[in-house]
Amino acid sequence: MAAPEAQAVEVRRGLTLRVLLIAVAVLLVGFYVNLRNWWYKGITTQPFLPGLSFSYLIMLLTLPIFGRHILTPQELVTFMAFAPIGYIGFMSWAIEPLTLAYWAQTDPKLATLLDYVPPVWAPRDPRLIEGMVKGGAAVPAEILGALLLQSLILFSIMLIVVFSAAIFARRFVEVERLGFPAVVPAIEVFRRYEEKTLFKLRENWPLYIGFAVGLIIAVYSMLPYYIPGFTAYFAWGQFWWGDWERFWKSLNPSISDWWMFVPSLNALFFIMPLDVAASVCIWTGFKSIVWPFIVVGAGWVAPGASPDTGPVNLGYFTFACAFGLGLWTLVFALPTLRASLKSLRVKSSEVERFEKLAWIGFAAGWLIYILIFAALGAHVGFTLMFLILLFLAFTGHQRISAETGSWYGAWAFDIARIVTQTTAYASGIPNPWPSTTWWATLASMRIRDEVSQSGGYTPASCIGIWKLAHETRTSYRDIMIAQLLFAFIYAFIGLLIGVSLLYSIGAEQWRNIWYVYGRRRYGITMANEVAGVVTPGPTYGPKEFSHILAAFVVTGFVWFMRAKFPWWFFAPVALPFYSGYFFINSMIPVILKFLILKFLGIKFYEKYALPAAVGYIVGTGFGGFILLTIHALR
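K.L.:
What is the right way to look at the overall build of the protein in this model?
P.N.:
Along its length, the protein carries 26 helices and two strands. The proportion of buried residues among the 634 residues of the protein is 60%. Put simply, of all contacts in the protein between residues at least 6 apart along the chain, 81% involve residues at least 24 apart. Total accessible area on the protein is roughly 24,200 Å²; 67% of this is exposed by carbon and sulfur atoms.

K.L.:
What exactly am I supposed to notice about the nonpolar core here?
P.N.:
Considering soluble globular proteins, one finds that nonpolar side chains tend to be buried as a cluster. Counting 182 residues, the largest nonpolar core has Trp 121 and Trp 466 as its most contacted members. With 20 residues, the top contributor of residues to this core is helix H9 (residues 144-175). With near-sequence residues (within four places) excluded, Trp 466 lies in contact with Ala 165, Ala 166, Ala 169, Val 173, Phe 354, Tyr 476, Ile 479, Met 480 and Gln 483. Counting residues in each nonpolar core, the second largest holds 17 residues, with Val 184, Val 189, Leu 207 and Val 614 among its members.

K.L.:
Which parts of the structure should I look at to understand a nonpolar patch on the surface?
P.N.:
A grouping of Ile 591, Phe 594, Leu 595, Phe 599, Leu 600 and Phe 604 is seen on the molecular surface, where their side chains present a nonpolar patch of about 620 Å² in accessible area. Within the secondary structure, Phe 604 sits in helix H26 (residues 602-633).

K.L.:
Just to check I follow, could you spell out the pattern of salt bridges for this structure?
P.N.:
A side chain of one charge can pair with a side chain of the opposite charge if their charged atoms are brought near each other. Counted by the stated rule, this structure contains 17 salt bridges. Close ionic contact of Asp 243 with Arg 246 constitutes a salt bridge, the shortest N to O distance being 2.5 Å. Taken together, the residues span about one helical turn, with Asp 243 and Arg 246 both in helix H12 (residues 242-251) at a distance of three residues. The exposure class of Arg 246 is exposed, given its relative accessible area of 53%.

K.L.:
In this structure, what is going on with helix H19 (residues 436-443)? I would like to understand it.
P.N.:
Structurally, the α-helix is built with 3.6 residues per turn, so residues lying three or four positions apart point the same way. With six of its eight residues buried, H19 lies for the most part within the structure. Residues of H19 that are buried: Trp 438, Trp 439, Ala 440, Thr 441, Leu 442 and Ala 443.

K.L.:
How do you make sense of helix H15 (residues 314-341) when you look at a structure like this?
P.N.:
Helix length check: H15, at 28 residues, gives a terminal C-alpha distance of 38 Å against a target of 40 Å (1.5 Å per residue), a fit within 8%. Helix geometry: H15 is bent most strongly at Leu 334, by close to 60°, with proline Pro 335 lying one to four residues after it. Two or three places before Gly 315, at the opening of H15, Asn 313 has a side-chain oxygen 3.2 Å from that residue's backbone nitrogen.

K.L.:
Mind showing me how you'd approach the packing of aromatic side chains here?
P.N.:
Geometry of an aromatic ring pair is reported as the spacing of the ring centres plus the angle between the planes. Applying the stated criterion to the full structure yields 46 aromatic pairs. Relative to Phe 583, the ring of Trp 244 lies with its centre 6.4 Å away and its plane at 45°, an arrangement referred to as tilted. Here the residue Trp 244 occupies a position in helix H12, and Phe 583 occupies one in helix H25 (residues 580-600), the gap between them amounting to 339 residues. Taken together, the aromatic side chains of Trp 241, Trp 244, Phe 247, Trp 248, Trp 259, Phe 261 and Phe 583 make up a single cluster linked through ring pairs. For Arg 446, the ring lying beneath its charged end belongs to Trp 93, and the centroid distance is 4.4 Å.

K.L.:
What exactly am I supposed to notice about the layout of surface pockets here?
P.N.:
Where empty space is left in the structure can be found by rolling a water-sized probe over the atoms. Approximately 610 Å³ is the volume found for the second largest pocket. Taken together, 31 residues line the second largest pocket, and the ones lying closest to its centre are Val 184, Glu 188, Tyr 605, Glu 606 and Leu 610. Contributing elements (two or more residues each) for the lining of the second largest pocket: helix H10 (184-194), helix H11 (205-222), helix H20 (459-472), H25 and H26. If one sorts the elements of the lining of the second largest pocket by residue count, H26 sits on top with seven residues. For the lining of the second largest pocket, a count of residues per class yields 15 nonpolar, three polar and 13 charged.

K.L.:
Hey, could you run me through the side chain of Thr 422 in this one?
P.N.:
By the secondary structure assignment, Thr 422 is in helix H18 (residues 412-426). The contacts of Thr 422, once residues within four sequence positions are left out, are Pro 538, Thr 539, Tyr 540 and Phe 545.

K.L.:
When you look at the environment of Ala 267 in this model, what are you seeing that I'm missing?
P.N.:
Here Ala 267 shows up in helix H13 (residues 263-271). Residue classification places Ala 267 among the buried positions, given a relative accessible area of 8%. Taking the C-alpha atoms as reference points, Ala 267 and Ser 586, separated by 319 residues in sequence, lie 8.9 Å from one another. Apart from residues lying up to four places away in sequence, Ala 267 is in contact with Ala 613, Tyr 616 and Ile 617.

K.L.:
Hey, could you run me through the packing of H9 against helix H21 (residues 476-505) in this one?
P.N.:
How two helices sit against one another is set out by the angle between their axes and by the gap between those axes. Contact geometry of H9 with H21 gives a least axis separation of 10 Å together with a crossing angle of 155°. Classified by the angle their axes make, H9 and H21 are roughly antiparallel. Judged by the sense of rotation from one axis to the other, the crossing of H9 with H21 is right-handed. Residues belonging to the contact of H9 with H21 are distributed by class as follows: 22 nonpolar, three polar and two charged.

Calculation rules
Residues numbered from 1 in each chain as written. Predicted model: local features only at pLDDT ≥ 70, side-chain atom pairs only at ≥ 80, totals over all residues. Heavy atoms only, no water. Helix = DSSP H or I, 4+ residues; strand = E, 2+ residues; numbered from the N terminus. Buried < 20%, exposed > 50% of the residue type's maximum accessible area, 1.4 Å probe, protein only. Contact = heavy atoms within 4.5 Å. Areas by Shrake-Rupley, 256 points an atom, 1.4 Å probe, with all protein chains shown as cover. Core = buried A, V, L, I, M, F, W, Y, C linked by side-chain atoms within 4.5 Å. Patch = residues over 30% accessible without salt bridge, like charges linked within 9 Å, V, L, I, M, F, W, Y side chains within 5 Å. Salt bridge = Lys/Arg side-chain N within 4 Å of Asp/Glu carboxyl O. Expected span 1.5 Å × (residues − 1). Bend = angle between axes of the 7 residues up to and from the residue. Polar contact = N/O pair within 3.5 Å; in protein donor to acceptor, adjacent residues only side chain to side chain. Phe/Tyr/Trp six-rings, centres within 6.5 Å; stacked < 30°, edge-to-face > 60°. Lys NZ or Arg CZ within 6 Å of the ring centre and 35° of its normal. 1 Å grid on protein atoms, 1.4 Å probe; cavity = no way out; pocket = protein on both sides within 12 Å on 5 of 7 lines; lining within 4 Å. Points joined across faces, edges and corners; volume = space filled by probe spheres on them. Nonpolar A, V, L, I, M, F, W, Y, C, P; charged D, E, K, R; others polar. Axes fitted to C-alpha atoms, helices over the stretch in contact; angles between N-to-C directions. Parallel < 35°, antiparallel > 145°, perpendicular 65-115°, else oblique. Left-handed = near helix turned anticlockwise from the far one by under 90°.

That is the geometry; function is a separate question.
Below is the structure:
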């Protein structure tokens, strides 16, 4: 690790005019492609892996085409920071408030809620929203004020997201030196690029073989969207293991999970440190297959019932472990964070200036968010409590991404919201409380799992770019500016693009606009604030709080054992992984990597196996991006 002084000398600029122009163009096209694919077909060009955005895949394409003559590695890294394609489900989340008056026409509970909601949040004339649902209309000027408010809220959330990652960047990258498996493909490509060996096929044949195989799999998994008759699974690049499901159900009808095989996720687990990948494999295998036998055998649940309906809800425990991981990460990072805070009082290298900006931006994001909802009438104390719990979840998710590169479970945000509500009701607030104050407070807790999912612009996604910046000596300042520019464009232009598409085509014509039309289609009441203002809101009891406490204790114990005893390999970062989906995608690469290291050695792994896995991830991602883009334009 370079000293700050050395790093200041070596740092190179990446934010140039050409990067700015290319990134904006890719970003705007990406919004259109993603929105068209996801809202209409339920497929998306968002990546499976945090930190591995499709701008990265486009970047890989620019290396052979442009890289030798036009773009430097630092410009390409800055391009990646600037133009990740944001999770489009989060965008529909920001549009939902605009639609409430329209749906209130047929929903008495929603109509009652609107008595306490200011018009700047939910325009009152349902005719203004009819075009969004039916299509064939332009965006009416009357909703622009409400749309601007949602853009401001979205932008403040993006600030919180960007700077939550930035304040941990040096801790994870330079102090703990975490692996960042999702960034390894980019690092491997850049290393070969700088060594001038990237385009030498003879030296990199494992990389190109992996790329070819990945490209073939991408084409095959996209056939259902082009040729009638092929089975269409949940998303491209994923294959349902139906026989596996039927086999385990024949042994125990309580075994049921998301048995979706994803080759690119297998490649990621292969790249991951073996102890971490094995920990995820063991934990998710135990939870998805062994645990149902235990609970049914003990008589805690009836055969066929969910194992989580018994006295021990292992699913809820795993979601709470994200908080536990966040707490212990924060505890052990305190010395580093305190030293970082001292940068506020000194003028020194670019690294220290970066840390100063990170803390200022972090505080600004929180302040803007709180001020917006305070102006709407929210209880500041409970909004702040929610944000603190949210920060713990963010921190846990960042660590999961930094150590595994994979996504995990996203429901820690619901825990933050319901813990806050339970605390409020225990303090004397009535449940429900029909008031503008409580509506605004609940509205401030609307942040859901969309902001934590794998492919979106989340702290878990943002953290990886700092590893890549460190490895390529790219200016931290340029990375931060690029991320802020992206946040602004996403919130103020991307959201308008999304709303314009809805008015043009109509939400009822598309299948997957969950917060605009999808929930209504399935009979789910729009606006989560109904529960708490009109009807009683959710609360936690002793069972849920005991699981949260257990998550903090178990996560801390596993962390202690791993730090104290060399023989203890099980990693605490595995505990938030909740599904058998991760088991079937980790068991093959864990066994394969163990056998390679055991019998062929580390040199074989580094020379042949790792480049092949990297090539596969690049090939399947690039093939999927190209074919999905063509599909959107069709």
